[in-house]
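Coordinates in review
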Number of protein chains: 2
Amino acid sequence: MNIPSANSIKEAHDKITRYTHRTPLLSSSSINKIAGANIEFKCENFQKVGAFKMRGAANAVLSLSSDQLKKGVATHSSGNHAAALSLAAKIKNVPAYIVMPKTAPSIKKKAVGEYQGKITFCNPTQEAREKMLNEVVANTGATFIHPYDNYKIIEGQATCVKEVFEDSANIDYIISPIGGGGLLSGTCLSANYFSPATKVVGAEPAGADDAFRSLRDNRIYPSINPETIADGLLTSFSEKTFDIVRRCADRIITADDSEIIAAMRLIWDRMKIIIEPSAAITLAVVLQNPGMFSGKKICCILTGGNVDLQKLPW
Amino acid sequence: MNIPSANSIKEAHDKITRYTHRTPLLSSSSINKIAGANIEFKCENFQKVGAFKMRGAANAVLSLSSDQLKKGVATHSSGNHAAALSLAAKIKNVPAYIVMPKTAPSIKKKAVGEYQGKITFCNPTQEAREKMLNEVVANTGATFIHPYDNYKIIEGQATCVKEVFEDSANIDYIISPIGGGGLLSGTCLSANYFSPATKVVGAEPAGADDAFRSLRDNRIYPSINPETIADGLLTSFSEKTFDIVRRCADRIITADDSEIIAAMRLIWDRMKIIIEPSAAITLAVVLQNPGMFSGKKICCILTGGNVDLQKLPW
């Protein structure tokens, strides 16, 4: 299978529309004033399961053959992809087997349980995840749906920014958080096909800056002992996501945790919406780089809103 | 001046449109499932200053003569009306003198300061507020804009539900929190003029149930030592609001603080939006009265989103 085309992204969009929300673009005059820019926020915190991951998961599950579907799906995930895959499987009435680090936030564990995903816990390393996943797949015959090294996932995530370009024009920069690169590569493709003048920027936690270094040195670095509050951005590029991002993204910019928390608080205070730290990094990057973003029209993707309300970072 | 007419509410709406947001109606399939009802939430937490109060304040300020305007405006308020009046005055470049209980949440004090309102603190009783207010008015010549015993305020608040009826049809119940009754009486009028088949319900904290008792006994009870987390709902009916609510509301239903907090948490968790306790009471009332609301189409007004994020009630 080749890199997703404009047509395959359009088909993915048609396929998932019934099972996803078309999320709004919101803006805040006070945040614009602070940033000195015109920022539109794509509110995927309002998406089904509270994160953009529902797009890719729905597209992946809906693209399986009926024989594959019967045995269910499996994945490893820090949380939102797991919840999304569980819900997508539930929609098709098939099992979802989820391998999850035992350190995942309890709200994300709970969400998977709510959508009837079957959880197996593992240690919080990429290696441990993959080993446990292989065992689960061997035992069940389920189809492994990688959280991002999968073109059906990338197509699904690409529908997010396709909607942005349908709803808004003349965007100078579109900023997507980067963990494993599923959303960022989907963003790259949709920008390339639907708004080629828009520059794509990845926003990455300084404490998990493997993608920044990978792009700089043109090789994939694994994510080793990442330390950041942005628990959705702990993974590293895969071959498929690196290949797309490397060719189409303008750059990756990092922000540290204190900047992420300040941006998160600003959005909560001014916009009265709940976003998770992994989403706040997009605004953190804008606020830290006025030289680049001042006076520009920017879209920040607010990727999710799954926060443990008992453990807020302020 | 007489009770506001349909036309005066329409005029108020035209007048304030430039200075207010047309807030969205949102819904949540998971909350609908829990409630067994079809609920639309009118999101005034997204309103300017984070609360519906901007509507009434803007209408009141924009209705003053230029001679009145020059000397500014004054009010006593537990917070959102104070912030709204400060912003409305700032728009017209005149001073706003705010008498505020010293116990008001710091986020609300801060908001008034941000809009350049001039604060005088008083003890947290209705009597102390009024005494201090009289002094301020005597010293400055400012026009007193009562938070709700003022038809211009009531007209402004009525525009909230006017928008609801423009954006949605066949609503069985519209539920508004009740403190002093400004929003509830505006809701009564708009329902009466624009959707007479819709029943209006007031939602009141059990620890501040003066309005419930006032309606039951057909006389205004003052609010004495109210105890509730819903800090926007501590005041009591005025002559003007009681007169309208008494004639047009279906009933007032109370909920206790634990029910308010549970409803607030549910909205934060499921809808990823930030609302204050005073707003959550509308959903609390629905969830506590399934016999009345099950299977119905309901609009709950989410009146505001000004919460101290450092002091959440869970």
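Every value quoted in this text rests on a predicted model; they were computed, and no experiment measured them.

1. Here we look at the packing of helix H1 (residues 6-16) of chain A against helix H3 (residues 53-62) of chain A
Residues and elements named next belong to chain A. Look at H1 against H3: their axes get within 9 Å of each other, and the N-to-C directions meet at 90°. As judged from the angle between their axes, H1 and H3 are roughly perpendicular. Contacts between H1 and H3 involve Ala 12, Lys 15 and Ile 16 from the former and Arg 55, Ala 58, Asn 59 and Leu 62 from the latter. For the contact of H1 with H3, the per-class residue count stands at four nonpolar, one polar and two charged.

2. Here's the deal with unusual backbone geometry
Residues and elements named next belong to chain B. The backbone of Val 49 shows a phi angle near 60°, a positive value even though the residue is not glycine. Mapped onto the secondary structure, Val 49 falls in the loop between strand E2 (38-43) and helix H3 (53-62). In this model, Asn 93 sits at a positive phi of 60°, which is unusual for a non-glycine residue. You can see Asn 93 is positioned in the loop between helix H5 (80-91) and strand E4 (96-101).

3. A look at the domain arrangement of chain A
Residue and element names in this part refer to chain A. Domain parsing of chain A yields domain 1 (6-51 + 151-302) and domain 2 (54-144). A separation of 23 Å is found between the C-alpha centroids of domain 1 and domain 2. Across the boundary between the two partners, domain 1 contributes 23 residues, which contact 19 residues of domain 2. Elements with a minimum of two residues in the side of domain 1 that touches domain 2: H1 and helix H8 (151-167). With seven residues, H8 is the single largest residue contributor to the side of domain 1 that touches domain 2.

Conventions and cut-offs
- Residues numbered from 1 in each chain as written.
- Chains lettered and ligands numbered in written order.
- Predicted model: local features only at pLDDT ≥ 70, side-chain atom pairs only at ≥ 80, totals over all residues.
- Axes fitted to C-alpha atoms, helices over the stretch in contact; angles between N-to-C directions.
- Helix = DSSP H or I, 4+ residues; strand = E, 2+ residues; numbered from the N terminus.
- Parallel < 35°, antiparallel > 145°, perpendicular 65-115°, else oblique.
- Contact = placed C-beta atoms within 7 Å.
- Nonpolar A, V, L, I, M, F, W, Y, C, P; charged D, E, K, R; others polar.
- Domains from an automatic or database assignment.

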